[in-house]
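Observations on chain architecture
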Amino acid sequence: MFVSSSKIFVGCLLSATMLTTAYAEQASHNPDSIVVTATRTPQPLSRIGSAISVIDALEIEKRQYQFVHDALESLPGVNVSQNGSFGGVASARIRGALSEQTLVLIDGVEVNDPSSPGSGFNFATLDPADIERIEVLRGPQSTLYGSDAIGGVVNIITKRGKEGFSLGGFVEGGSYGTVRGAATASGADGGFDYRVTASGVRTDGISKADKRDGNTEKDGHKNISLSTNLGYQVTDEFRLEGFARYSDSRTEYDGFGAVTGVADSDDETDVTEMTLNARALVTLYDGRFENIVGVSYNDIDRKNYAGGAFSFGAKGKRMLASYQGNVIIRPGTVLTFGAETEQSKMDTGFERADISISSVYSQLQIYLLDALTVTGGIRYDDHETFGGATTVRTTAAYNFAATDTKLRASWGEGFKAPTPYQLTFFCCGAAGPNLNLQPEESKGWDIGLDQTFWGGNGLFTVGYFYQKTDNLIDFAFPDGYVNINEARSKGYEVGLSATLLVGLSVDVNYTHTSAINRVTGLDLIRVPKDVANATITVEPIKNLTLALAGRYTGKSEDARGTVDDWTRIDLRASYKVTDKLDVFGRIENLLDEKYQEVWGYGTAGISGYVGLRGRF
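The rules behind each value
- Residues numbered from 1 in each chain as written.
- Predicted model: local features only at pLDDT ≥ 70, side-chain atom pairs only at ≥ 80, totals over all residues.
- Heavy atoms only, no water.
- Helix = DSSP H or I, 4+ residues; strand = E, 2+ residues; numbered from the N terminus.
- Rg over C-alpha atoms; globule rule 2.2 N^0.38 Å.
- Buried < 20%, exposed > 50% of the residue type's maximum accessible area, 1.4 Å probe, protein only.
- Contact = heavy atoms within 4.5 Å.
- Areas by Shrake-Rupley, 256 points an atom, 1.4 Å probe, with all protein chains shown as cover.
- Patch = residues over 30% accessible without salt bridge, like charges linked within 9 Å, V, L, I, M, F, W, Y side chains within 5 Å.
- Salt bridge = Lys/Arg side-chain N within 4 Å of Asp/Glu carboxyl O.
- Pairing = 2+ DSSP bridges.
- Phe/Tyr/Trp six-rings, centres within 6.5 Å; stacked < 30°, edge-to-face > 60°.
- Lys NZ or Arg CZ within 6 Å of the ring centre and 35° of its normal.
- Core = buried A, V, L, I, M, F, W, Y, C linked by side-chain atoms within 4.5 Å.
- Polar contact = N/O pair within 3.5 Å; in protein donor to acceptor, adjacent residues only side chain to side chain.
- pLDDT = per-residue confidence, 0-100.

1. A word on the overall build of the chain
Within the chain one finds 5 helices and 33 strands. Taken over the C-alpha trace, the chain has a radius of gyration of 24 Å; the compact-globule value for 616 residues is 25 Å, and the two agree within 12%. Seen through its principal axes, the chain has C-alpha atoms that stretch 65 × 55 × 50 Å. Among the 616 residues that make up the chain, the fraction classed as buried is 53%. Sequence separation of at least 24 residues holds for 61% of the intrachain contacts in the chain that already meet a minimum separation of 6. Summed over all atoms, the accessible surface of the chain reaches about 25,800 Å², with 59% contributed by carbon and sulfur.

2. Brief notes about a nonpolar patch on the surface
Taken together, the side chains of Val 171, Val 179, Ile 541, Tyr 575, Val 577, Leu 581, Val 583 and Leu 612 define a hydrophobic patch exposed on the protein surface, amounting to about 630 Å² of accessible area. Contributions of two or more residues to the nonpolar patch are made by strand E31 (566–578) and strand E32 (581–588). Accessibility expressed as a relative area gives 45% for Val 577, which makes it partly exposed.

3. Some points on the pairing of strand E15 (residues 263–284)
The pairing of strand E14 (residues 238–255) with E15 spans 17 bridges and is classified as antiparallel. Following the sheet pairing, Phe 243 is matched in E15 by Asn 277.

4. Some remarks on the environment of Ser 359
As for its placement among the helices and strands, Ser 359 is situated in strand E19 (residues 352–368). Since its relative accessible area comes to 7%, Ser 359 is described here as buried. Beyond its immediate stretch of four places on either side in the chain, Ser 359 contacts Gly 338, Ala 339, Glu 340, Arg 379, Tyr 380 and Asp 381.

5. Focus on the pairing of strand E8 (residues 131–138)
Successive residues of a regular strand alternate their side chains across the two faces of the sheet. The buried fraction of E8 is high, at 7 of 8 residues. Where strand E3 (residues 52–56) meets E8, 5 bridges bridge the pair, whose relative direction is antiparallel. Paired with Ile 52 across the strands is Leu 137, a residue of E8. Where E8 lies against strand E9 (residues 152–158), 7 bridges are found, and the strand directions are antiparallel.

6. Comments concerning the packing of aromatic side chains
Applying the stated criterion across every chain yields a total of 17 aromatic pairs. Its guanidinium or amino end placed over the ring of Tyr 367, Arg 47 lies 3.6 Å from that ring's centre, counting from NZ or CZ.

7. Notes on the nonpolar core
With 25 residues, the main nonpolar core has Leu 72, Phe 123, Ile 134, Val 154 and Ile 156 as its most contacted residues. Contributions of two or more residues to this core are made by helix H3 (68–72), strand E4 (78–82), strand E5 (90–94), strand E6 (102–106), E8 and E9. Grouped together as the second largest cluster of nonpolar side chains are 12 residues, Ala 38, Ile 48, Leu 105 and Leu 137 included.

8. Considerations on the pattern of salt bridges
Summed over all chains, the structure comprises 42 salt bridges. The residue Arg 568 makes a salt bridge to Asp 570 at a minimum N-O spacing of 3.1 Å. In this structure, Glu 588 engages Arg 586 in a salt bridge whose closest nitrogen and oxygen atoms are separated by 2.9 Å. Taken together, the shared-partner salt bridges in this structure form one network comprising Asp 127, Glu 172, Arg 180, Arg 568, Asp 570, Arg 586 and Glu 588.

9. Some thoughts on the side chain of Asp 113
Structurally, Asp 113 can be placed in the loop between strand E7 (109–110) and E8. A distance of 3.1 Å separates a polar atom in the side chain of Asp 113 from a polar atom in the side chain of Arg 302. Every residue in contact with Asp 113, bar those within four places of it in the chain, is listed here: Ser 119, Gly 120, Ile 300 and Arg 302.

10. Some remarks on the environment of Leu 459
Relative to the elements of secondary structure, Leu 459 occurs in strand E24 (residues 458–476). Distance in space between the C-alpha atoms of Leu 459 and Gly 495 is 7.9 Å, their sequence separation being 36 residues.

11. Observations regarding the sheet that holds E3
Judged by pairing direction, the sheet is mixed, and its 5 strands sit side by side in the order E3-E8-E9-E6-E7 without closing on themselves. Where the open sheet ends on each side, the last strands, each with one partner, are E3 and E7.

12. A look at unusual backbone geometry
Here Tyr 176, not a glycine, exhibits a phi torsion of approximately 60°, which is positive. Backbone geometry places Arg 526, a non-glycine residue, at a positive phi of 60°. Mapped onto the secondary structure, Arg 526 falls in the loop between strand E26 (504–517) and strand E27 (530–538).

13. Some remarks on the confidence of the model for the chain
Looking at the chain, pLDDT values average 91 and 95% of them are 70 or higher. Under a pLDDT of 50 for its full length, residues 1–29 has, in the predicted model, 57 contacts with residues more than four places off or in other chains.

14. Quick look at the environment of Tyr 285
Within the secondary structure, Tyr 285 is located in the loop between E15 and strand E16 (289–306). Along the chain, Tyr 285 and Ile 328 lie 43 residues apart, while their C-alpha atoms are 9.9 Å from each other.

15. Some points on the side chain of Thr 41
Its place among the elements puts Thr 41 in the loop between strand E1 (34–35) and strand E2 (43–44). If we ignore the near neighbours within four places in the chain, the residues touching Thr 41 are Val 35, Val 36, Gln 324, Asn 326, Thr 336 and Gln 365.

This is the structure we're talking about:
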């Protein structure tokens, strides 16, 4: 009953959105909004030929997202699957690509875990409290970002201090014994800016293994994160910046079960993560030549326990030194070039590896005829095991000023070397690791249209994408990791967002993805064909904001069975008590939908949370 009702609701929500957009009055969509991920330089959206989505701090706050993966799954082309709520491993797939084929950056620092089998990133412990915006770039991006960007890039940009001094924070609590909060101090004075944030969450949680399969033991989660962002403008042409982030989390989880693959057990994982970044920015020739020199370090230490006893551990480290130059040849024409050298280390106690890769790249952006922007780039990676690999990428964007229409297209290649874990792991009687592993390679293209209407009040987007990946690496018993798969994903993305009557706005997107293993013809696991998001936000009276959000996820295949389709609806509210104090609350899973994101793992039922947010 709940499933049918929620599907009807989302259908009505989509229909109402389409019918009411004719009443838009206030501008809310700006094609000149600046993004940096698509070209590694600040550029307005109107000149970007790549498929990119942005969600900023204001939207994260309004929608009351507890975790970054909550924000990601609201974007087109992105699907997040989590091994149980509250701390379960959360993986993001872009356009059907594997989760480990998504490169994740925090302020330009790669944070993918080099000690995990595929070098993926777990979004479960990433708190959005200090995030300024998230940019998601879809499609192969290895030309600018190297290995691991074969499917796309998630670039997380944190907040910086502003002039003066300010304090802020929030606290919230609710179902399952959940308490979450953050505190921030920031400011800027005399060329120096700073921002320091501490955040944390703890919850009793639910059983990671679905309780409908007889699992009743609650699996708790807690996390503490500290971050700081520092900057010093030494002169008008010389700036220094530093960033540090530390996270310590403990998550209870469930072990193997013969029926569904997971069942109640007394298991726990403790994870500490450290990210450091320092860079110097020097501009020459009246700002026409920018130089960026940086060093970064990322460290992750995972310890697993069973019944209180240590069972398994893994340590990963990544060090990167880089240089990037940006030359404004003439207004609208920018040459970007750079070099990087990276070293990744992995140690599980059984497998150890130390891998280095050095790269050079260049890209040219040309703005022509006051309407056409063309980019072209090339990259060469020199991997110590596999030698050289060259990738190229090109994009184009054409703006019809008379109709506020942008046509965009991109074509690119991707390259992903086997991870340190894949290069060293072996078992099951094998004499050693597979020395014949080859890098994964992809080619992909997309074409789309972005239509701004009613003076910027609304934005309609539509696009088609196609991507083919060869030499996919998978585990095959008893050989270990081998190149056995080829994959193909294609589909389309549609989005509509608009400000309607004063105080009323809508945001809708739909993604259809067909992703198959080209060898077997079977669907790739954890890639639903259909995903839709819809949000209506209304301000019925001054200072009160209400939002109703729905998400539909179609059926998907998993390793042990088919995960049914599901629809979830959330209700959110906030009230501005004073200029410095807000009260907010939400009801999640309003219709108490029983669903799974990953086969055998449960999700939270109807739940409620309330909180306070202050600014001083």
